[in-house]
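The residues making up each chain are set out below.
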Amino acid sequence: MAVYKRSYHGYSGALTPEWSRFAIIPRYAYRRLFQSKIMTAFFVLCFVSPLVFLSLIYVANSFGSIAGLFGAKGARSPITIDGEFFLIYLGVQSPLAFILASFVGPGLVSTDLSNRALTLYLARPFSRVEYVIGKMSVLLVLLSTITWIPGLILFGVQSALAGGGWLIHNLWVAWAIFAGFWIWILVIALTALALSAWVKWKIAAGALLLGVFFVGAGLGQAINAVLDVRWGRLINLSDVFAAVWSNLFRMPNGRDISPTSAWIMLALVCASCIWLLYRKLRAVEVVR
Amino acid sequence: MNHDSWSLWRAQVAAILRLEIKKNFLAKRGLWIYLLAAAPVVLMWVHAALNLRDHRVCDLGHDSLIFAAMFQFFYLRLAIFFGCVGVFLRLFRGEMMEKSLHYYLLAPVRREVLLVGKYLAGVITTSIIFCTGTALALIALLVHVPRTAAEQYLFAGGGLGHVLAYIGTAALACIGYGGVFLLMGFLFRNPVVPVVLVFLWEGANPFLPALLKRLSVIFYLHSLIPISVPAQGDFAFLAILSTPTPAYLAVAGLLLIALAGLWLAARQVRKLEINYGVE
């Protein structure tokens, strides 16, 4: 066809349903992410500890039979599968999820902003909220696959091996696994996105994400020591999460943070991240 | 190498210093480094103001111990560490990301001279920021105790030496970490992972055997701190005690680490080629 005969005409293909448009972003993001060998290797490595915990569950439930092979009778497993066991699982998997988020998160929004590509998204029938949900779902799905999904599978395996009585007695543990991981994923995903939006250089955004946790911990200790107070611990997000998780897993809280103040602190962190994203993600930008 | 070359290089380093210092000090994106440096200052001044308001007399010994812990665990390990990450990684890697390094490389200046100029600019920036922070926090420490006690501490109790040691340690930390992170900016396209590894290595220093301890910046810095606070936390019992290095050896060790970093970075900068498409 001659070039002069080409003229504008509207798109006549099939439209993606409005509710699922956000899913376009993760589809392309995953394709790019898993091109990195280090990223793929680390993602696979994240499944090692669930496998270890799975074998521990198996050993705990079959301890009598295994001991019988060696001639020991009436032996009892030294491993107890209860809330504490799954709290340890949460303690092992959450740093891995954090490292994964600091790999993936900083580049999610910063590349769009530094290349001034946000207008290309928002010029289409695609809202800011959908953009944020789309970018966040990259992290949410990725982190879910290494945290609460294997956690609930472990819980299911234990229920199958230990019987219905154990399941009914420990059903709250399943909720604790689900809620404990979700609050962790939500906070680190929002923090990673907010930092990624405000710090356009993704390396700096990654370093800052680490800084938020480590510097916050140090500053909290310094506040407590210098001002002789206890609320400094609220700045230490690791302690805040520990308080929330202890509350969910019905474990004694060894820290000076009440569960209520910890939940309020996490809500404040989420709210400030959403506000930061709202301020930064706009279809127009004034460049000075 | 004649006298003319040296004077030319000095002039070029001075020109690069002027440019870089202006960039480092006035950049809005560097605001967080000021916040990091100011955090202990604000805390110490709030503590001083509250005590002065309530007419409470503070125990200088107790306060100086708190300051020592804060300096050791917050200032050196976190604030200066992350501040140097921000400043020194940006010197080359940041300019590559911003697609502005070629302006320097197109100028008739030796790569090594450029490297030294940028490194010195980073050292001056971070040293001024963090040494000022240390000095201001120390002033807050002394301002709210009775004048006689402060004078006795400074002139009779060796406090003046402590003040100089803290400020000097902060400056040496900037020199040491600067050399390490400058090199990392060359070696890794995404230096976050190596930065985390260095952070863990430095954090694990009290638990390392004596020989491995020497392969870190924090070991030499610990030797220079006037009041050393032992490792704290659940795993403190695992800490391996080692005799502190004499000050002259610690300074030499830190300068050696910085020089090694600079030398390796100079090897990298000589063969540096920019492909902005890949960055």
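Residues numbered from 1 in each chain as written. Chains lettered and ligands numbered in written order. Predicted model: local features only at pLDDT ≥ 70, side-chain atom pairs only at ≥ 80, totals over all residues. Heavy atoms only, no water.

K.L.:
It is not clear to me how the packing of aromatic side chains should be interpreted in this structure. Could you clarify?
P.N.:
We describe a pair of aromatic rings using the distance from one ring centre to the other and the angle between the two ring planes. Tallied over the entire structure, the rule returns 37 aromatic pairs over all chains. Relative to F82(B), the ring of F81(B) has its centre 5.4 Å away and its plane inclined at 80°; by these criteria the two rings are edge-to-face. Looking at R250(A), its charged tip hangs above the ring of W172(A), at a distance of 4.2 Å from the centre. The positively charged end of K280(A) is found above the aromatic ring belonging to W198(A), 4.8 Å away from the centroid. (Phe/Tyr/Trp six-rings, centres within 6.5 Å; stacked < 30°, edge-to-face > 60°. Lys NZ or Arg CZ within 6 Å of the ring centre and 35° of its normal.)

K.L.:
It is not clear to me how the pattern of salt bridges should be interpreted in this structure. Could you clarify?
P.N.:
When charged atoms on two side chains of opposite charge get close, those side chains can pair. Residues and elements named next belong to chain B. The tally for this structure, following the rule as stated, stands at eleven salt bridges over all chains. The salt bridge involving E112 is made with R110; its shortest N-O contact spans 3.7 Å. Looking at R110, the relative accessible area reads 45%, which means it is partly exposed. Across the pair R147 and E151 runs a salt bridge, and its minimum N-O distance is 3.3 Å. Placement of the pair is R147 and E151 together in helix α6 (residues 147-156), with a separation of four residues, close to one helical turn. Accessibility expressed as a relative area gives 66% for R147, which makes it exposed. Judged by its relative accessible area of 37%, E151 is partly exposed. Salt bridges linked by common partners bring E20, K23, E95 and K118 together as one network. (Salt bridge = Lys/Arg side-chain N within 4 Å of Asp/Glu carboxyl O. Buried < 20%, exposed > 50% of the residue type's maximum accessible area, 1.4 Å probe, protein only. Helix = DSSP H or I, 4+ residues; strand = E, 2+ residues; numbered from the N terminus.)

K.L.:
Looking at this structure, how should I read the environment of Y121(A)?
P.N.:
Residue and element names in this part refer to chain A. Mapping Y121 onto the fold places it in helix α7 (residues 118-122). Overall, Y121 belongs to the partly exposed group, its relative accessible area being 25%. Here the alpha-carbon distance between Y121 and Y131, two residues ten residues apart in the chain, equals 7.8 Å. Sequence-distant contacts of Y121, that is, excluding residues within four places in its chain, are made with I25, D112, F126, Y131 and K135. (Contact = heavy atoms within 4.5 Å.)

K.L.:
Is there a simple way to explain the state of the cysteines in this structure?
P.N.:
Simply put, disulfide is the name for a covalent bond between the sulfur atoms of two cysteines. Evaluated as defined, the whole model comprises zero disulfides over all chains. Sulfur of C270(A): no disulfide; nearest cysteine sulfur belongs to C273(A) and is 6.6 Å away. Since its relative accessible area comes to 11%, C270(A) is described here as buried. Looking at C174(B), it has no disulfide partner, and the nearest cysteine sulfur is the one in C84(B), 4.5 Å off. Judged by relative accessible area, which is 0%, C174(B) ranks as buried. (Disulfide = S-S within 2.5 Å.)

K.L.:
How do you make sense of the interface of chain A and chain B when you look at a structure like this?
P.N.:
Interfaces are often sized by the accessible area lost when the parts come together. In this assembly, 17 residues from chain A lie in contact with 26 residues from chain B. The contact between chain A and chain B buries some 1800 Å² in all, and 90% of this surface belongs to carbon and sulfur atoms. When the buried area of chain A at its contact with chain B is split by residue, W201(A), I203(A) and V226(A) rank highest and sum to 36% of it. At the boundary of chain A with chain B, the tally comes to zero salt bridges. Taken together, chain A and chain B are joined by one residue pair in polar contact (both at pLDDT 80 or more). The element contributing the most residues to the side of chain A that touches chain B is helix α12 (residues 202-227) of chain A, with 15 residues. Grouping the constituent residues of the side of chain A that touches chain B by class yields 14 nonpolar, three polar and no charged. (Buried area = accessible area lost by both parts, 1.4 Å probe. Polar contact = N/O pair within 3.5 Å; in protein donor to acceptor, adjacent residues only side chain to side chain. Nonpolar A, V, L, I, M, F, W, Y, C, P; charged D, E, K, R; others polar.)

K.L.:
Help me out: how do you make sense of helix α6 (residues 106-114) of chain A in this one?
P.N.:
Residue pairs spaced three or four apart in an α-helix point in one direction, given the helix's 3.6 residues per turn. All names here are of chain A. In terms of burial, α6 is a largely internal element, seven of the nine residues being buried. Those residues of α6 not exposed but buried are P106, G107, L108, V109, S110, D112 and L113. Packed against the buried residues of α6 are α5 (83-104), α7, α8 (128-146), α11 (171-198), α12 and α14 (259-280).

K.L.:
Just to check I follow, could you spell out a nonpolar patch on the surface for this structure?
P.N.:
Residue and element names in this part refer to chain B. Together, W45, L52, L136, I139 and V143 make up an exposed nonpolar region whose accessible area comes to about 420 Å². Where the nonpolar patch is concerned, the elements lending two or more residues are α2 (31-53) and α5 (111-143). Here the nonpolar patch gets three residues from one element, more than from any other, and that element is α5. Mapped onto the secondary structure, W45 falls in helix α2. The class of W45 is partly exposed, set by a relative accessible area of 34%. (Patch = residues over 30% accessible without salt bridge, like charges linked within 9 Å, V, L, I, M, F, W, Y side chains within 5 Å. Areas by Shrake-Rupley, 256 points an atom, 1.4 Å probe, with all protein chains shown as cover.)

K.L.:
Where do I start with the confidence of the model for chain B in this structure?
P.N.:
Regions with low pLDDT carry predicted coordinates that are not meant to be interpreted in detail. All names here are of chain B. For chain B, the average pLDDT comes to 86, and 94% of its residues sit at 70 or higher. Of all helices and strands in chain B, the one with the weakest mean pLDDT is helix α9 (residues 210-213) (80), whereas α5 scores best (93). Overall fold confidence for the complex sits at a pTM of 0.82, while the interface term, ipTM, reaches 0.79. (pLDDT = per-residue confidence, 0-100.)

K.L.:
What is the right way to read the packing of α5(B) against helix α11 (residues 247-270) of chain B from this model?
P.N.:
The relative placement of two packed helices is expressed as an angle between their axes plus a distance between the axes. All names here are of chain B. Between α5 and α11, whose axes approach to 9 Å, the crossing angle comes to 140°. The angle between α5 and α11 places the two elements in the oblique class. Judged by the sense of rotation from one axis to the other, the crossing of α5 with α11 is right-handed. Here α5 contributes R111, E112, L115 and Y119 to the contact with α11, which in turn contributes A258, L262, A265, A266, V269 and R270. Class assignment of the residues belonging to the contact of α5 with α11 gives a composition of seven nonpolar, no polar and three charged. (Axes fitted to C-alpha atoms, helices over the stretch in contact; angles between N-to-C directions. Parallel < 35°, antiparallel > 145°, perpendicular 65-115°, else oblique. Left-handed = near helix turned anticlockwise from the far one by under 90°.)

K.L.:
Explain unusual backbone geometry to me, please; I cannot follow it from the model alone.
P.N.:
As a rule of thumb, non-glycine residues mostly have phi less than zero, and peptide bonds are mostly trans rather than cis. Despite not being glycine, R116(A) has its phi angle at roughly 50°, a positive value. Relative to the helices and strands, R116(A) is located in the loop between α6 and α7. If you check the backbone angles, H55(B) has positive phi at about 55° while not being a glycine. Within the secondary structure, H55(B) is located in the loop between α2 and α3 (60-97).

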